[in-house]
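Observations on the three-dimensional arrangement
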Amino acid sequence: MLTEFLMLVNGERVSARSGRTYRSLNPATGEPWSVLPDADEADVDGAVQAADAAFRDAAWAKLTATARGKLLRRLGDLIAEHAGELAELETRDNGKLIRETRGQLAYLPEFFHYTAGLADKLEGGTLPIDKADMFAFTVPQPLGVVAAIVPWNSPLYLTAIKLAPALAAGNTMVIKPSEHASASILRMAELVAQAGFPAGVVNVVTGYGAGAGAALTRHPLVRRVAFTGGPATARHVVRATADNFAKLSLELGGKSANIVFGDADLGGAVNGAVAGIYAASGQSCVAGSRLLVQDAIYDRFVAALTERMKRIAIGDPIDPASDMGPMATEQQLGVVETMVARAREQGVTVLAGGKRPDRAGWFYEPTLLECASDTLDIVQNEVFGPVAALLRFRDEAEAVALANGTEYALAAGIWTRDLARGHRMARDVHAGIVWVNTYRAVSAMAPIGGYGASGYGREGGIHSVLDYTEPKTVWVNL
Ligand code: NAD
């Protein structure tokens, strides 16, 4: 029995106008579990028109910033009330461990509450104009319709960090979730309505990237695109926004270095390495997929890590006892297998894993590959799977050179007991986020984003709300 989901447009739950649907598969079994509308250009146009009308309608346009903040706060409360249901829905849809989805759901209300508090703190300013008898000031203005394009690995979290600042600033939205994981976002959109946001302020269209996604990003009424996904898709999105001049933020992939110095606390560094790369089965933009370990501690670290990896229990993601779930899609499993096969051809030593376990579903073992050179494909390219590329280094200078030696620059971890070295590395490693003696720490107050092939723009933090506005400058001749 398949669960049927409908899109949300202008407050109505709707099918695709064409009647076309597609099936979403459960990664733990590989079986279809739900059926969703396959939106085309006409459906997307309807959703964007609804969002554009809602942007102009007094019910939203005349709402005070404080009132918008209250709605967002209420939405955060509703997400907290429905956290269990939302987490289960997401785990079933994308195969992420229930422990991990529950963890993200526990954090989301805080994120909404923090961003709600920013809604009425978006101040303009008076300008000390160098002209007599002139007065000038700025007012932050919302942009209009925001298109959010979301991947499958953390659908609710990656939607929330777009939706909350966009709405706090007074915009309206059309969300296009991944075709592989839309269910939890559709449920959250119902909570948006329940919180009291007017119809049309938040709309969700489901379907494929090349269809609904492309139609949305190039739509002439879209004024801002917030994209999270891979670099190849990002290039399509950049080209689409060449037509509508929508302002753009890109949160892309990474090949983040987790760097362990000889003076590190061994137990902490091993746990940080495991959390860095094997959480979410490695399907995380900030995955610490390059493990750089100093000569002095290398053998001890590898022994402790491989011992620790034996205790990672692969299992059904809905079971709280499981430590690692499946890959979210069969295609992603294929990517992992192909990349590990190529790494073997290029001469890596497989220290752990390197194959599928003997069970149904799209599982892959936690894998550690010892690499003799940083030019190997497996060291340079994102796998988006539970595969760590291990390299050794002699000194700080070599660690920095290795860490900065890819086209990505999203995150990095530094493990050392030397405070000054921790700060030096944080300064010298080129990454949007640097964690010293921790990995994956998140907070509503902390911006997330990268440089280079990891994208541009930041989500989270006080400036993310301003990023959904532009200042209007007003001149008055006195
Ligand atoms: P993807 O790029 O394949 O898809 C992302 C979204 O884009 C999906 O909703 C998809 O339907 C849509 N899309 C596809 N083609 C499109 C087009 N032509 N126009 C508009 N939209 C289109 O990515 P994915 O496989 O879903 O997710 C994995 C990628 O996302 C990885 O590279 C990962 O690193 C990245 N990611 C980054 C972050 C971050 O915050 N930096 C977080 C999570 C994931």
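Cut-offs applied
Residues numbered from 1 in each chain as written. Predicted model: local features only at pLDDT ≥ 70, side-chain atom pairs only at ≥ 80, totals over all residues. Helix = DSSP H or I, 4+ residues; strand = E, 2+ residues; numbered from the N terminus. Buried ≥ 20, exposed ≤ 12 C-beta atoms within 10 Å, placed from the backbone. Contact = placed C-beta atoms within 7 Å. Expected span 1.5 Å × (residues − 1). Core = buried A, V, L, I, M, F, W, Y, C linked by C-beta atoms within 7 Å. Domains from an automatic or database assignment. Near = placed C-beta within 6 Å. Nonpolar A, V, L, I, M, F, W, Y, C, P; charged D, E, K, R; others polar. Axes fitted to C-alpha atoms, helices over the stretch in contact; angles between N-to-C directions. Parallel < 35°, antiparallel > 145°, perpendicular 65-115°, else oblique. Left-handed = near helix turned anticlockwise from the far one by under 90°. Pairing = 2+ DSSP bridges. Right-handed = clockwise from strand over helix to strand, strands pointing away. pLDDT = per-residue confidence, 0-100. UniProt positions renumbered as here; feature names shortened; annotations may be inferred.

Observations regarding the overall build of the protein chain
- Helix and strand counts for the protein chain stand at 16 helices and 23 strands.
- Referenced to the eigenvectors of the C-alpha coordinate spread, the extents of the protein chain come out at roughly 70 × 65 × 40 Å.
- The buried share of the protein chain, taken over its 478 residues, is 53%.
- Put simply, of all contacts in the protein chain between residues at least 6 apart along the chain, 72% involve residues at least 24 apart.

Here's the deal with helix H3 (residues 65-81)
- The terminal C-alpha atoms of H3 lie 25 Å apart, and with 17 residues this matches the ideal 24 Å at 1.5 Å per residue to within 8%.
- Buried within H3 are the following residues: Arg68, Gly69, Leu71, Leu72, Leu75, Gly76, Leu78 and Ile79.
- Turning to H3, the residues buried within the fold contact helix H4 (83-94), helix H5 (98-118), helix H6 (155-168) and helix H7 (183-195).

Focus: the nonpolar core
- Core analysis: the largest hydrophobic core is formed by 150 residues, its most contacted members being Val174, Ile259, Leu292 and Leu369.
- In terms of residues, this core owes the most to one element, H6, which gives 10 residues.
- For this core, the domains that each give at least three residues are domain 1 (3-252 + 450-474) and domain 2 (257-436).
- The residues touching Val174, leaving out its near neighbours within four places in the chain, are Ala47, Val48, Ala51, Val145, Ala147, Asn203, Val205 and Leu216.

Some details on the site of the ligand
- Around the ligand sit 28 residues in total, of which Gly209, Gly213, Gly229, Gly253 and Cys285 are the nearest.
- Secondary-structure elements contributing two or more residues to the shell around the ligand are helix H8 (209-217) and helix H9 (231-244).
- Among the elements that make up the shell around the ligand, the one with the highest residue count is H8 (five residues).
- Here the residues of the shell around the ligand are counted per class, giving 13 nonpolar, 11 polar and four charged.

Remarks on the packing of H4 against H5
- Here H4 crosses H5 at 135°, and the two axes come no closer than 9 Å. With respect to H5, the axis of H4 lies oblique. Here H4 runs over H5; the crossing is right-handed. Where H4 approaches H5, its residues Ala83, Leu86, Ala87, Glu88, Glu90 and Thr91 are matched on the opposing element by Ile98, Thr101, Arg102, Leu105 and Ala106.

Focus on the packing of H8 against H9
- Interhelical geometry of H8 versus H9 gives an angle of 35° and a closest axis separation of 9 Å. Between H8 and H9 lies a crossing of right-handed hand. For the pair H8 and H9, the contacting residues are Gly209, Ala214 and Thr217 in the first and Thr233, His236, Val237, Ala240 and Thr241 in the second.
- Taken together, the residues that form the contact of H8 with H9 break down as three nonpolar, five polar and no charged.

Section: the environment of Thr126
- Relative to the helices and strands, Thr126 resides in strand E6 (residues 125-127).
- Residue Thr126 is classed as exposed on the basis of its C-beta count, with 9 C-beta atoms lying within 10 Å.
- For the pair formed by Thr126 and Ile378, sequence separation is 252 residues and the distance between their alpha carbons is 53 Å.

Description of the domain arrangement of the protein chain
- Per the domain assignment, the segments making up the protein chain are domain 1 (3-252 + 450-474) and domain 2 (257-436).
- Distance from the C-alpha centre of domain 1 to the C-alpha centre of domain 2: 31 Å.
- Counting residues at the interface gives 23 residues for domain 1 and 26 residues for domain 2.
- Residue assignment for the side of domain 1 that touches domain 2 shows that the elements contributing at least two residues are H4, H5 and strand E21 (451-452).

Concerning H6
- The end-to-end C-alpha distance of H6 is 20 Å, a good match for the 20 Å that 14 residues give at a rise of 1.5 Å each.
- Counting buried positions along H6 gives 14 out of 14 residues, so the element sits mostly inside the fold.
- Just beyond H6, the residue with positive phi is Gly170, at close to 100°.

A word on the pairing of strand E20 (residues 433-436)
- In terms of strand pairing, strand E19 (residues 411-415) meets E20 through four bridges, oriented parallel. From the neighbouring strand, Ile414 faces E20, where its bridge partner is Val436.
- Running through helix H15 (residues 419-428), the crossover from E19 to the neighbouring parallel element E20 is right-handed.

Description of the confidence of the model for the protein chain
- Taken residue by residue, the protein chain gives an average pLDDT of 97. The fraction at 70 or more is 100%.
- As scored by the predictor, the complex reaches a pTM of 0.95 and an ipTM of 0.92.

A look at the environment of Asp263
- Its place among the elements puts Asp263 in the loop between strand E13 (257-260) and helix H10 (266-278).
- On a C-alpha basis, the gap between Asp263 and Arg417 in space is 5.8 Å, while along the polypeptide they are 154 residues apart.

Details of the UniProt feature "active site" (unreviewed entry) in the protein chain
- The feature "active site" (unreviewed entry), as given by UniProt, occupies Glu251 in the numbering adopted here.
- Relative to the elements of secondary structure, Glu251 occurs in strand E12 (residues 247-251).
- Glu251 gets classed as buried once you count the C-beta atoms within 10 Å, which come to 26.
- When sequence neighbours within four positions are dropped, the list of residues in contact with Glu251 reads Thr228, Cys285, Gly449, Gly455 and Glu459.

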